[in-house]
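If you want the building blocks of each chain, they are given just below.
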Amino acid sequence: MEKSHGRPGKARTAMTVLVREYKNYYNIIMRLNIIFSGIVSVAISMMAWSCGSKADKESAGGEMFVKVQGQDLVKPDGSKLYIVGTNLGNWLNPEGYMFGFQRMNSPRQINELISQLVGPDKAAEFWSQFKDNYITKADIDYIASTGANTIRLPFHYKLFTDEDYMGITVGQDGFARIDSVVEWCRDNNLYLILDMHDAPGGQTGDNIDDSYGYPWLMESEKSQEMFCDIWRRIADRYKDEPVILGYELMNEPIATYFDNQDELNSKLEPLYKRCVAAIREVDTNHIVLIGAPQWNSNFEPLKDTTYDDNMMFTCHRYGGPATAEAIQSYIDFKDKSNRPMYMGEIGHNTDEWQSDFVKVMKDNNIGYTFWPYKKRDNSCMMGVRMPEEWEEVVRFAEGPHHTFAEVRDAKPDRAKAQRALDRFIELCRLDSCVPQDGYILSMGLKVPVR
């Protein structure tokens, strides 16, 4: 009996174990199911949140930027923006006359001059200090205090390459410099226009584009590829930055010096379209600014004004009568294209002429940035007083440089040249400069209380 009793006991024990194991497996499966369901739920929620966030961001982002609306620029709050401001010329694209040089007047030539005076290492140190001191946050604060609302920032394409430029060969600081100005402008509620003043190969064919005397950009596929690539990289970096008003693709293309001017002019608009297409691959937020050939004055070669919805045009004017008739072709093109027209450069004249021209521009809805903010002596917002030894530097710059013997014979004492360069750095800082009150008032701005 005991043996027959034993079998049912073992069966019950086995059954109990099976039931317990089943419950364990059931619990595991249920827990896995809960976990899996949770993961799926979270994933779906995240996808929905991500899609919603992207849409919200795109919607909000589109409202953060200045846009073209007919012949006006419209701010995010719906109000009109009428550009009034200045240019930070000479800072990231040195120009000879702003130092007092006439003969050595392009960035490449000025760097050669300084290298001849004190050597390449000291020249590199000078450019580093120059960039750190010529324009600082204090300068941007000052510009804002005059009532300006926009700054145009000219720059050299080499700031975004590994080419030798302003003392740097590898690891250029173009983005770092622009980033600083963006933050300074943000702190002052200013807009910023990025202007490629010196394009690969040269777009002008003169000293101002640091070229070799011809607008090789118009004929060089390699230069055009680099031109579009640099703008695409700039646009990709700043695509979500509302401080930046827009991208001015090139300054003053195709000077008036060339027999094949018509042929060169015909190549300009296709290049503009190519560059705009490259920018739009990464940035649909910002305005593109298109300048005319022949010192931004001849709009006849620009036949297509509709290839981008967020596009405006830019003109320049130096000299001539301060009347609407003097810029009638600009006004007519603005009306015909139904796009904003902006005077990117104007100035270097009497206070009366400038004041009269400001009225003409305001009457015709043409915003403006005067050229330049800072330079040697006057005819700007902020005049730089030059060191006593500077005339020795100017004398050397204007002397013969055809042979190495001429360079050696004309070169001033190295120590004296170094003192002049060091002193220039001190004097170019805002607190050492002389505000040009009459010039500032002629721009339609106010003179800050000092």
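Scroll up for the structure.
The text that follows walks through the structure, step by step, so that each part is easy to find.

### Regarding the overall build of the protein chain
Helix and strand counts for the protein chain stand at 14 helices and 14 strands. A total of 450 residues make up the protein chain; the buried ones form 52% of that total. Contacts in the protein chain between residues far apart in sequence, at least 24 positions, make up 74% of those at least 6 positions apart. Accessible area for the protein chain stands at about 20,800 Å²; split by element, carbon and sulfur atoms hold 53% of it.

### Overview of the side chain of Arg376
Within the secondary structure, Arg376 sits in strand 12 (residues 374–376). In this structure Arg376 comes out as buried when scored by relative accessible area, which is 17%. Among the polar contacts listed, one links the side chain of Arg376 to the side chain of Glu391, at a separation of 2.8 Å. With residues near it in sequence (within four places) discarded, Arg376 still touches Met98, Phe99, Gly100, Val384, Met386, Trp390, Glu391 and Val394.

### Some words on the side chain of Gln224
Inspection of the secondary structure puts Gln224 in helix 6 (residues 221–238). Among the polar contacts made by the side chain of Gln224, one reaches the main-chain carbonyl oxygen of Leu217 at a distance of 3.0 Å. When sequence neighbours within four positions are dropped, the list of residues in contact with Gln224 reads Leu217, Met218, Glu219, Leu271 and Arg274.

### Concerning the packing of helix 2 (residues 107–118) against helix 11 (residues 390–398)
Two numbers describe a pair of packed helices, the interaxial angle and the distance between the axes. At a minimum axis separation of 11 Å, helix 2 and helix 11 run at an interaxial angle of 115°. For the element pair helix 2 and helix 11, the recorded crossing hand is right-handed. Residue-level contacts link Leu113, Gln116 and Leu117 of helix 2 to Val393, Phe396 and Ala397 of helix 11. Its residues assigned to classes, the contact of helix 2 with helix 11 shows 5 nonpolar, 1 polar and no charged.

### What about the pattern of salt bridges?
Overall, the coordinates contain 28 salt bridges when judged by the stated rule. Lys359 is the partner of Asp363 in a salt bridge, and the nearest nitrogen-oxygen pair spans 2.9 Å. Separated by 4 residues within a single helix, Asp363 and Lys359 lie in helix 10 (residues 351–363), roughly one turn from each other. Comparing Asp363 with Lys359, the two get one shared label, exposed.

### Focus: the environment of Tyr82
In this structure, Tyr82 sits in the loop between strand 3 (80–81) and strand 4 (84–87). Its relative accessible area of 18% is what places Tyr82 among the buried residues. Placed 10 residues apart in sequence, Tyr82 and Asp72 show a C-alpha to C-alpha distance of 7.9 Å. Leave out the neighbours within four places in its chain, and Tyr82 touches Asn149, Met361, Lys362, Asn365, Ile366, Gly367 and Tyr368. In this structure the side chain of Tyr82 is engaged in a polar contact, spanning 3.4 Å, whose partner is the backbone oxygen of Met361.

### Quick word on helix 13 (residues 414–427)
Taking 1.5 Å per residue, 14 residues should reach 20 Å; helix 13 reaches 20 Å between its end C-alpha atoms and fits that length. Three or more residues of helix 13 are buried, namely Ala417, Ala420, Leu421, Phe424, Ile425 and Leu427. The N-terminus of helix 13 is capped by Asp413, whose side-chain oxygen sits 3.2 Å from the backbone nitrogen of Ala415.

### A short note on the sheet that holds strand 2 (residues 72–74)
Spatial strand order, 1-2-3: 3 strands in an open sheet with antiparallel pairing. The open sheet terminates on both sides in strands that have one partner only, identified here as strand 1 (67–69) and strand 3. Of the strand pairs in this sheet, strand 1 and strand 2 are connected by 3 bridges, and their pairing is antiparallel. Within strand 2, the residue paired with Val68 across the bridge is Leu73.

### Digging into helix 7 (residues 261–280)
With 20 residues, helix 7 ought to run about 28 Å at 1.5 Å a step, and its terminal C-alpha atoms sit 29 Å apart, in line with that. Looking at helix 7, one finds that the buried residues are Leu264, Asn265, Leu268, Glu269, Leu271, Tyr272, Cys275, Val276, Ala278, Ile279 and Arg280. Looking at the buried positions of helix 7, the neighbouring elements they touch are helix 6, strand 7 (244–248), strand 8 (287–291) and helix 8 (293–296).

### A closer look at the packing of aromatic side chains
Taken as a whole and judged by the stated rule, the model has 28 aromatic pairs. Between the aromatic rings of Tyr257 and Trp295, the centroid separation amounts to 5.9 Å while the plane-to-plane angle is 70°, which identifies the pairing as edge-to-face. Taken as a pair, Tyr257 in the loop between strand 7 and helix 7 and Trp295 in helix 8 lie far apart in primary sequence, 38 residues in all. Clustering of aromatic rings is evident, with ring pairs tying together Phe99, Phe101, Phe126, Trp127, Phe130, Tyr134, Trp390 and Phe424. Over the aromatic face of Tyr212 sits the side chain of Arg108, whose NZ or CZ is 4.2 Å from the ring centroid. The ring of Tyr134 is capped by Lys374, whose NZ or CZ atom sits 5.2 Å from the centre of that ring.

### Notes on the sheet that holds strand 6 (residues 191–198)
Taken together, 8 strands build a closed barrel; the order of strands is 4-5-6-7-8-9-10-11 and the barrel is parallel. Taking the axes of each pair of neighbouring strands and ignoring which way they run, one obtains an average angle of 30° across the sheet. As judged from the 3 bridges shared by strand 4 and strand 5 (residues 150–156), these two strands associate in the parallel manner. Paired with Asn87 across the bridge in strand 5 is Arg152.

### Re the packing of helix 2 against helix 13
Look at helix 2 against helix 13: their axes get within 8 Å of each other, and the N-to-C directions meet at 130°. Classed by the angle they form, the pair helix 2 and helix 13 counts as oblique. Along its contact with helix 2, which presents Ile114, Leu117 and Val118, the element helix 13 presents Arg414, Ala417, Gln418 and Leu421. A breakdown of the residues in the contact of helix 2 with helix 13 according to their chemical character gives 5 nonpolar, 1 polar and 1 charged.

The rules behind the values
- Residues numbered from 1 in each chain as written.
- Predicted model: local features only at pLDDT ≥ 70, side-chain atom pairs only at ≥ 80, totals over all residues.
- Heavy atoms only, no water.
- Helix = DSSP H or I, 4+ residues; strand = E, 2+ residues; numbered from the N terminus.
- Buried < 20%, exposed > 50% of the residue type's maximum accessible area, 1.4 Å probe, protein only.
- Contact = heavy atoms within 4.5 Å.
- Areas by Shrake-Rupley, 256 points an atom, 1.4 Å probe, with all protein chains shown as cover.
- Polar contact = N/O pair within 3.5 Å; in protein donor to acceptor, adjacent residues only side chain to side chain.
- Axes fitted to C-alpha atoms, helices over the stretch in contact; angles between N-to-C directions.
- Left-handed = near helix turned anticlockwise from the far one by under 90°.
- Nonpolar A, V, L, I, M, F, W, Y, C, P; charged D, E, K, R; others polar.
- Salt bridge = Lys/Arg side-chain N within 4 Å of Asp/Glu carboxyl O.
- Expected span 1.5 Å × (residues − 1).
- Pairing = 2+ DSSP bridges.
- Phe/Tyr/Trp six-rings, centres within 6.5 Å; stacked < 30°, edge-to-face > 60°.
- Lys NZ or Arg CZ within 6 Å of the ring centre and 35° of its normal.
- Parallel < 35°, antiparallel > 145°, perpendicular 65-115°, else oblique.

Read these as spatial facts, not as claims about activity.
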